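These are the residues of each chain, in order.
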Amino acid sequence: MKYLLFIFSLLLLNSSMYSQNDEDLIKNTLENYINGTSYNTPELIEKAFYTDADLFLDNKEKKLWIVPAKKYQSWYENKKKGEFNGRIGNIISVDHIGSIATAKVEILFPDANSRYIDLFLLKKINQQWKIISKAATKDESTTKANGNKILFIVSNAAFYGTSDIPTGNSFSELVNAYDTFNNAGFTVDFVSPKGGSVPLSYINTSDDLCKQYLYNPDFLYALKNTKKPSEINAKNYKAVHYIGGGAAMFGVPENTAIQKIAMTIYEEHNGIISSVCHGTAGIVNLKTKDGNYLFKNKNVSGYPDSFEKPDAPYFKQFPFLIQQTLESRGAIFKFSPRNTSHVEVKGNLITGQNYLSSKDVALKIIENLNNRK
């Protein structure tokens, strides 16, 4: 079969190796390092590193430049404390077993259009996680690092409604949009109603891009560790993007916390709300501050009701119909024949019909944001 429909329970991957409490503590240590170096706060850097830790850095004059943690900390002591210096850090992955851990962090310098990768070795000492070594290198494989973030909204639903019919988030829609943003220098975060792992469906193992991300540990780590709505700061994002797949019909549309995040980005930070395919279900309840639906009198797209299978068991589980609901609330629903890309743009609202539209929706978002410069 060209397409495989199955669900990853990502939480089960190496589950015996993970303790959520320890992983949170490791992330706290990494955040101390990130915030300390981004906001000139040496006390946080000192808190993150073991006293005798070393950093292994690049230097034009040395093949291996070894810098003690205390010396590294001193580089930030004469700068204005608490002032953002343009350095942006993001945790990419964490892996640990027992009292040792490894972690990968990206460091972006948007002004210099550059990206660095930090690799850490950590150890639990006296019940505290400390960085005992760090190696860093410039990522020459990327040409852009603009520091802007896009928030992908995904669902935790592994089944259609109350049935035992499996579903998930469309892997094709995920990777096509993610890859487009990534190549343009954007950072992508994931949020779901419950946080943590999310199910995946429609994985095309014959597609090179899908295969590339299916075996990408950093990408899978992000899907295994999606953020909870309470962990999201709306001001950090330029756009939200609702991912489709059958799972998108459940848990996301009615989630008021996610609705608030999307509308805060849209109304208070001039951000973009976007969706693709069944992901458009996520916007049906969005209202502006004046009480009107976000999409009233606007062209929108998504998976058309006429393309569904009314007699199929999955369809009977749907809590509502996307096209019917949008039209009843004032939207002008547009779509094209099956298996063709279709994108609707109305200001900061950008929607697509199907998985074939995923890349095109992402490109329209990038175009919108780049034009602002």
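Residues numbered from 1 in each chain as written. Predicted model: local features only at pLDDT ≥ 70, side-chain atom pairs only at ≥ 80, totals over all residues. Heavy atoms only, no water.

## Description of the overall build of the protein
Okay, so step 1: Along the backbone of the protein there are nine helices and 18 strands.
Okay, so step 2: With the C-alpha coordinates aligned to their principal axes, the bounding extent of the protein is approximately 65 × 45 × 35 Å.
Okay, so step 3: The buried share of the protein, taken over its 373 residues, is 52%.
Okay, so step 4: Within the structure as shown, the protein displays about 17900 Å² of accessible surface, and the carbon and sulfur contribution to it stands at 49%.
Okay, so step 5: Counting 43 positive and 37 negative side-chain charges, the protein places the centres of these two groups 3 Å from one another. (Helix = DSSP H or I, 4+ residues; strand = E, 2+ residues; numbered from the N terminus. Buried < 20%, exposed > 50% of the residue type's maximum accessible area, 1.4 Å probe, protein only. Areas by Shrake-Rupley, 256 points an atom, 1.4 Å probe, with all protein chains shown as cover. Lys, Arg positive; Asp, Glu negative; His and termini not counted. Charge placed at Lys NZ, Arg CZ, Asp CG, Glu CD.)

## Focus: the sheet that holds strand β13 (residues 239–242)
Okay, so step 1: Here six strands make up an open sheet; going across it, the order is β10-β8-β13-β14-β18-β17 and the pairing mixed. Only two strands of the sheet have a single partner each, and these edge strands are β10 (187–191) and β17 (343–346). With strand direction ignored, the average angle separating the axes of adjacent strands in the sheet is 20°.
Okay, so step 2: Relative to strand β18 (residues 349–352), β17 runs antiparallel, the two sharing four bridges. Note that in β18 the partner of V345 across the bridge is I350.
Okay, so step 3: In the packing of helix α4 (residues 171–183) onto the sheet, the strands contacted are β8 (149–153), β10, β13 and β14 (272–276), and the crossing angle to β8 comes to about 175°.
Okay, so step 4: The strands touched by helix α7 (residues 256–268) are β8, β13, β14 and β18; relative to β13, the strand with the most contacts, the crossing angle is about 140°. (Pairing = 2+ DSSP bridges. Axes fitted to C-alpha atoms, helices over the stretch in contact; angles between N-to-C directions. Contact = heavy atoms within 4.5 Å.)

## Remarks on α7
Okay, so step 1: Over its 13 residues, α7 runs 17 Å from end to end, which matches the ideal 18 Å to within 8%, given 1.5 Å per residue.
Okay, so step 2: For α7, every residue scored as buried is listed here: I258, Q259, I261, A262, M263, T264, I265 and Y266.
Okay, so step 3: Those residues of α7 that are buried are in contact with β8, β13, β14 and β18.
Okay, so step 4: The N-capping residue of α7, defined by a side-chain oxygen 3.2 Å from the backbone nitrogen of A257, is N255. (Expected span 1.5 Å × (residues − 1). Polar contact = N/O pair within 3.5 Å; in protein donor to acceptor, adjacent residues only side chain to side chain.)

## Brief notes about the side chain of E344
Okay, so step 1: Its place among the elements puts E344 in strand β17.
Okay, so step 2: Although buried, E344 forms no salt bridge, and the nearest oppositely charged side chain, K334, lies 6.4 Å from it.
Okay, so step 3: At 3.5 Å, the side chain of E344 forms a polar contact with the side chain of N299.
Okay, so step 4: Residue contacts for E344: discarding those within four places in its chain leaves N299, V300, S301, K334, L349, I350 and T351. (Salt bridge = Lys/Arg side-chain N within 4 Å of Asp/Glu carboxyl O.)

## Description of unusual backbone geometry
Okay, so step 1: The backbone of Y202 shows a phi angle near 55°, a positive value even though the residue is not glycine.
Okay, so step 2: The topology assignment puts Y202 in the loop between β11 (200–201) and β12 (203–204).
Okay, so step 3: Unusually for a residue other than glycine, C277 sits at a positive phi of about 55°.
Okay, so step 4: Structurally, the position occupied by C277 is in the loop between β14 and β15 (299–300).
Okay, so step 5: Relative accessible area serves as the criterion here: at 7%, C277 is assigned to the buried category.

## As for the nonpolar core
Okay, so step 1: Grouped together as the largest cluster of nonpolar side chains are 38 residues, with contacts concentrated most on Y242, I273 and L326.
Okay, so step 2: Breaking this core down by element, the ones donating at least two residues are β8, β13, α7 and α8 (322–328).
Okay, so step 3: If you tally residues by element for this core, the top one is α7, at six residues.
Okay, so step 4: Apart from the residues within four sequence positions on either side, Y242 is in contact with I153, V252, I258, A262, I273, S274, S275, V276, G279, G282, I283 and L286.
Okay, so step 5: If you look at the next biggest cluster of nonpolar residues, it comprises 32 residues, including F171, I203, L214 and A362. (Core = buried A, V, L, I, M, F, W, Y, C linked by side-chain atoms within 4.5 Å.)

## A short note on the packing of α4 against helix α9 (residues 358–371)
When two helices pack together, their arrangement is given by the angle between the helix axes and the distance between those axes.
Okay, so step 1: Running from amino to carboxyl end, α4 crosses α9 at an angle of 30°, the nearest separation of the two axes being 8 Å. Viewed along their axes, α4 and α9 adopt a mutual orientation that is roughly parallel. Between α4 and α9 lies a crossing whose hand is right-handed. Every residue of α9 that contacts α4 at E173, N176, A177, T180 and F181 is listed here: S358, K359, A362, L363, I365 and I366. (Parallel < 35°, antiparallel > 145°, perpendicular 65-115°, else oblique. Left-handed = near helix turned anticlockwise from the far one by under 90°.)

## Comments concerning α4
Okay, so step 1: Taking 1.5 Å as the rise per residue, α4 with 13 residues should run 18 Å; its terminal C-alpha atoms sit 18 Å apart, in good agreement.
Okay, so step 2: Counting buried positions along α4 gives ten out of 13 residues, so the element sits mostly inside the fold.
Okay, so step 3: Looking one or two places after α4, you find G185, whose phi comes out positive at around 90°.

## Quick notes on the packing of aromatic side chains
Okay, so step 1: Here the structure, examined in full by the defined rule, presents 28 aromatic pairs.
Okay, so step 2: Relative to F318, the ring of Y160 has its centre 6.1 Å away and its plane inclined at 40°; by these criteria the two rings are tilted. Separated by 158 residues along the polypeptide, Y160 in the loop between β8 and β9 (169–170) and F318 in the loop between β15 and α8 bring together distant segments of the chain. Accessibility assignment for this pair places Y160 and F318 in one class, buried.
Okay, so step 3: Members of the aromatic cluster, joined through ring pairs, are F152, F171, Y178, F181, F186, F190, Y213 and F219.
Okay, so step 4: The ring of Y76 is capped by K79, whose NZ or CZ atom sits 4.9 Å from the centre of that ring. (Phe/Tyr/Trp six-rings, centres within 6.5 Å; stacked < 30°, edge-to-face > 60°. Lys NZ or Arg CZ within 6 Å of the ring centre and 35° of its normal.)

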